[in-house]
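# Coordinate analysis (summary)
Listed below, chain by chain, are the residues.
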Amino acid sequence: MTPRALDPFLRFAPSLRQAGFAVSPDQTVDFIAAVGVLGPRDMTDIWRAGRALFAVPPERVAEYDAIFRAVFLDQVIRAPTETEDEESEAHEPTGGTQDIEAGDEESEAGADATEAERLTSRSIASRDDAAAARLLRQAPAALPRRLSYRRRATPHGDRMDLRRTLREAARRDGEVLRLHETRRKSRQRRVLLLIDVSGSMKAQSEGMIRLGHALVQAADRAEVFTLGTRLTRITAALKPADAEQALPRAAAAVADFDGGTRIGEALQAFLAVPRYAGFARGAAVTVVSDGLERGSPAAMADAVNRLSRIAWRVDWLSPLAADPHYAPRTAGLQMILPVLDHLGDGASPGRVADHFLEYARRK
Amino acid sequence: MVTRATIAGISSPAELQTALDGAQYIADDALATAAYLALALGKPLLLEGAPGVGKTEAAKALGGVLGRSVIRLQCYEGIDAASALYEWNYPRQMLAIRQAGQDYVNLYSEDYLLERPLLTALRNPTGTLLLIDEIDRADHEFEAFLLEFLSDFTISIPETGTVRAVQPPVVALTSNRTRDLHEALRRRCVYHWIDYPSPELEARIVMTRASRVAEATAQAVVASVGLLRQEPLAKPPGVAETVEWAEAATLLNAQGARWPDAFARAIGVALKDHDDLSYMRDRLAAILPGEAA
């Protein structure tokens, strides 16, 4: 192969990466080797080799195909989804804020989600909060746990530790004095709290962040993010035990208080960062949001679907669900309802704290 | 390494496809390409797809084609190293200590080692096909452990030493995608998503698997199964269900049941969920193959 002919092969991986595929260098090497092994007889061979070696899941084949055409056949790339180009970025607080283009539609009154992005910061007062205090006290015993891969010796386990018993017996000429037992250790599952801080959640967001602080303090493994027009990780800000220190830091980190709602895109941004998506693996995920989405409901459904395949369970708490006659009506919530493990009441910090404390009973 | 690789006499995807045909497995071009690449590059083959599309069968057929014995490790929640690698036979060790009395006895010799699938696959001198089935059911930790095993094909046993693969096994993993696998694992593998086969292909599969089914029956069954899969069912029928449905209906027909009725009475082998059955009860007439055979 001349270097010129090799060119599209080398451009292919960066193009895929740009579109959010996780492609490692050795995958590229294997891909080129695979094409060599196949001949290749025609473009289909290259297409198939790429799909197999870059491990393209079925729902992303269309995207893959578009990139393939652009790189190998010089065809114009058609945007796979309309949300792709205005993707909201993941945002870890560093102080610098950038403006995302603001929608030109005036927000309507009522419970409607606001589309325009207004970057607003807010101060959060630390005050005595019964719900946060209760969560702080009771959470260590109530948060969900999972069995660890490792076993440890206990007086009363579920399996005999034959290895240890035999080793001891061998030392005493085959005399078994005691039967050792083991049990699998348990670890607390990671708990993930995603808080909607958009305008329609104005009344709740402050209390929820205070609750997030209690959660970070009480749990071995917890992560707290806020969702609005962008995604912000506030776990680090909530780490100080002193609420008076932690809450202002968290408030300062969030730049999109009371702004518009683009939950779908914020969730997609969450899943696009491998480290963040890793937080969700096997985790108990709770989203506190009214589900009033101004972005595309399809983006939200897609993101929640993917989230539910990674996470242990996904619970959605909506303030609107406090009403006993509540039924999810928005297109977005309708679409995600089948994959949610629980749709519950998120009207007050107290109810959300109850939700966390009920894990032990549910499992 | 831009050379054509030949493995067990197979030097192209098309040849592999023909060989799989001979092993009673009808593979499409894409699957044959992925499987051939896995063999040529010496990487594990990761097969994902809905339940019942023939992932496990594909791996077994591949083992048959290569002339390798298939060793299967069925994954489940809570699977651990002791049930995947090896275990010592403690009761026998205990007896040996008792019998030996004052004599020396080596408790950690071959006699007391119980091989589990992964160790068996490594130690087989003629090479094996290791089938790691339903990896999505195992815990994340087991996935990480497997990653290590698949990268260097060694198992270290503290009491005796490290076991190295005599001949690295060909590895196939299957997943029903009840959860997403770790990126690192997917990255190591050659990936193929097995979709439901096209109607022509599925009819051929029915004919191959169920020899007594008439061709018209096979085509009719495949057409109705295609319609069933478009319904919002909890468990859409897989390829195995198609084959069974055709077989069951043929059997009932041979005993005197009339055609549409034979299909209706045998619906239990195609739909195995009470909610699905009650949902389809009224709609079934429109879907059933009318005048088959």
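For every chain, the first residue of the written sequence is number 1, and numbering continues from 1 onward in sequence order. Chain A is the first chain written and ligand 1 is the first ligand written, with later ones labelled in order. It should be noted that, the model being predicted, local features are given only for residues of pLDDT at least 70 and side-chain atom pairs only at 80 or more, the latter also being counted only at that level, while totals for whole chains, interfaces and linings use all residues.

## Observations concerning the overall build of chain B
Helix and strand definitions here come from DSSP, where helices need a minimum of 4 consecutive H or I residues and strands a minimum of 2 consecutive E residues; each element is numbered from the N-terminal end. Summing up its helical and strand segments, chain B has 14 helices and nine strands in all. Referenced to the eigenvectors of the C-alpha coordinate spread, the extents of chain B come out at roughly 80 × 55 × 35 Å. Note on burial: count the other C-beta atoms lying within 10 Å of the residue's C-beta; 20 or more is buried, 12 or fewer is exposed, in between is partly exposed, and C-beta positions come from the backbone. Within chain B, the fraction of its 293 residues that count as buried is 41%. Working definition of a contact: two residues with C-beta atoms, positioned from the backbone, lying within 7 Å. Intrachain contacts of chain B at a sequence separation of at least 6 include 75% that bridge at least 24 residues.

## Considering the overall build of chain A
When its secondary structure is counted, chain A shows 14 helices and 10 strands. When each of the 363 residues of chain A is scored for burial, the buried share is 41%. Within chain A, counting contacts between residues at least 6 apart in sequence, those at least 24 apart form 76% of the total.

## Thoughts on the packing of helix H3 (residues 43-53) of chain A against helix H2 (residues 29-41) of chain B
For helices, the axis comes from a line fit to the C-alpha atoms of the stretch in contact; other axes are also lines fit to C-alpha atoms, and the angle between any two N-to-C directions lies between 0 and 180 degrees. It is the contact of H3(A) with H2(B), at a shortest axis distance of 10 Å, that shows an interaxial angle of 65°. As for the relative orientation of H3(A) and H2(B), their crossing is right-handed in sense. Taken together, the residues of H2(B) that come into contact with H3(A) (itself represented by A:Asp45, A:Arg48, A:Ala49 and A:Ala52) are B:Ala30, B:Thr33, B:Ala34 and B:Leu37. For this classification, the nonpolar set comprises Ala, Val, Leu, Ile, Met, Phe, Trp, Tyr, Cys and Pro, the charged set comprises Asp, Glu, Lys and Arg, and every other residue, Gly included, is treated as polar. Looking at side-chain class alone, the contact of H3(A) with H2(B) contains five nonpolar, one polar and two charged residues. By the definition used in this description, the sense in which the near helix is turned from the far one sets the handedness, with an anticlockwise turn below a right angle giving left-handed and a clockwise turn giving right-handed.

## Overview of the interface of chain B and chain A
Interfaces are often described in size by the accessible area the parts lose on coming together. Contact residues are listed per partner, giving 33 residues for chain B and 28 residues for chain A. The element that contributes the greatest number of residues to the side of chain B that touches chain A is H2(B), accounting for six residues. A per-class count over the side of chain B that touches chain A returns 18 nonpolar, five polar and 10 charged.

## Let's talk about the pairing of strand E5 (residues 128-133) of chain B
Residues and elements named next belong to chain B. For E5, a buried count of five out of six residues is recorded, marking the element as mostly surrounded by other parts of the structure. Where E5 and strand E8 (residues 170-175) come together, four bridges link them in parallel fashion. Within E8, the residue paired with Leu131 across the bridge is Ala172. In short, DSSP must find at least two bridges between two strands for them to pair.

## Examining the confidence of the model for chain A
All names here are of chain A. Per residue, pLDDT measures the predictor's confidence, with a range of 0 to 100. Scored by pLDDT, chain A comes out at a mean of 81, with 84% of its residues at no less than 70. Between residues 79-88, whose pLDDT stays under 50, and residues either more than four places distant or in other chains, the model counts 21 contacts. Counting contacts from residues 94-116, a segment whose pLDDT is below 50, to residues more than four positions away or on other chains yields 34 contacts.

## Overview of the sheet that holds strand E2 (residues 145-154) of chain A
In a beta sheet, neighbouring strands pair by backbone hydrogen bonds and run either parallel or antiparallel. Residue and element names in this part refer to chain A. The strand order across the open sheet built from three strands is E2-E4-E3, with neighbouring strands paired in antiparallel fashion. With one partner strand each, in any of the chains shown, E2 and strand E3 (159-160) form the two edges of the open sheet. Judged from the seven bridges that link them, E2 and strand E4 (residues 181-188) form a sheet pairing that is antiparallel. The partner of Ala153 across the bridge, within E4, is Thr182.

## Examining helix H13 (residues 349-357) of chain A
Three or more residues of H13(A) are buried, namely A:Pro349, A:Val352, A:Ala353 and A:Phe356. All buried residues of H13(A) lie within an arc of 100° about the axis, which places them on one face of the element. The arc refers to the directions leading from the helix axis to the C-beta atoms.

## Re the domain arrangement of chain B
Residue and element names in this part refer to chain B. Domain boundaries in chain B define domain 1 (13-79 + 119-194) and domain 2 (199-280). At the interface, eight residues of domain 1 touch eight residues of domain 2. A breakdown of the residues in the side of domain 1 that touches domain 2 according to their chemical character gives four nonpolar, three polar and one charged. Domain delimitation in this document rests on an assignment produced automatically or drawn from a domain database.

## Some words on the nonpolar core
Core analysis: the biggest nonpolar cluster contains 101 residues, and B:Ala35, B:Leu37, B:Val190 and B:Val206 have the highest contact counts within it. The element that contributes the greatest number of residues to this core is H2(B), accounting for nine residues. Excluding its chain neighbours within four sequence positions, the residues that come into contact with B:Val190 are A:Ala52, A:Leu53, B:Ala34, B:Leu37, B:Ala38, B:Leu41, B:Lys43, B:Leu45 and B:Leu46. Listed in part, the 64 residues of the second largest apolar core include A:Leu192, A:Ile209, A:Ile263 and A:Val352. The nonpolar core criterion groups buried Ala, Val, Leu, Ile, Met, Phe, Trp, Tyr and Cys residues into a set whenever they are joined through C-beta atoms within 7 Å.

## Comments concerning the environment of B:Thr18
All names here are of chain B. Mapping Thr18 onto the fold places it in helix H1 (residues 13-22). Exposure remark for Thr18: the 14 C-beta atoms within 10 Å place this residue in the partly exposed category. Each C-alpha atom of the pair Thr18 and Ala32 lies 9.3 Å from the other, and the pair is 14 residues apart in sequence.

## Here's the deal with the confidence of the model for chain B
Averaged over chain B, the pLDDT score is 88; the fraction of residues at 70 or greater is 97%. Interface confidence for the predicted complex, expressed as ipTM, amounts to 0.76; the pTM equals 0.75.

## Regarding the sheet that holds strand E9 (residues 190-194) of chain B
Residue and element names in this part refer to chain B. Read across the sheet, five strands follow the order E2-E5-E8-E1-E9 without closing on themselves; strand pairing throughout is parallel. Here the strands that pair on one side only, and so sit at the sheet edges, are strand E2 (69-74) and E9. Taking each pair of neighbouring strands and ignoring which way they run, the sheet shows an average axis angle of 20°.

## Some words on the packing of helix H2 (residues 25-38) of chain A against H2(B)
Running from amino to carboxyl end, H2(A) crosses H2(B) at an angle of 105°, the nearest separation of the two axes being 10 Å. What the angle tells us is that H2(A) and H2(B) run roughly perpendicular. On the side of H2(A), the interface is formed by A:Asp30, A:Ala33, A:Ala34 and A:Val37, while H2(B) contributes B:Leu37, B:Ala40 and B:Leu41. Taken together, the residues of the contact of H2(A) with H2(B) break down into six nonpolar, no polar and one charged. In this scheme, roughly parallel covers angles under 35 degrees and roughly antiparallel covers those over 145, while 65 to 115 is roughly perpendicular and the rest are oblique.

## Some words on helix H4 (residues 61-72) of chain A
Each α-helix turn comprises 3.6 residues. Residues three or four places apart therefore point the same way. A helix is expected to reach a length of 1.5 Å times the quantity of its residues less one. Its 12 residues place the ends of H4(A) 16 Å apart at the C-alpha level, agreeing with the 16 Å of an ideal helix rising 1.5 Å per residue. A:Asp74 occupies a position one or two residues after H4(A) and carries a positive phi of about 55°.

## Digging into the environment of B:Ala121
All names here are of chain B. Tracing the backbone shows Ala121 in helix H6 (residues 117-123). Spatially, the C-alpha atom of Ala121 lies 9.6 Å from that of Val171, the residues being 50 residues apart in sequence. With residues up to four places along the chain from it excluded, the contact list for Ala121 reads Ile71, Thr128, Leu130 and Pro169.

## Considerations on unusual backbone geometry
Of the consecutive residues A:Gly39 and A:Pro40, the connecting peptide bond is found in the cis state with omega at -25°. Inspection of the secondary structure puts A:Pro40 in the loop between H2 and H3. Here the phi dihedral of A:Asp258 falls at roughly 55°; this positive angle occurs in a residue that is not glycine. At B:Phe153, a residue that is not glycine, the phi angle is positive and equals roughly 50°. With respect to the element layout, B:Phe153 can be found in the loop between helix H7 (140-152) and strand E6 (154-157).

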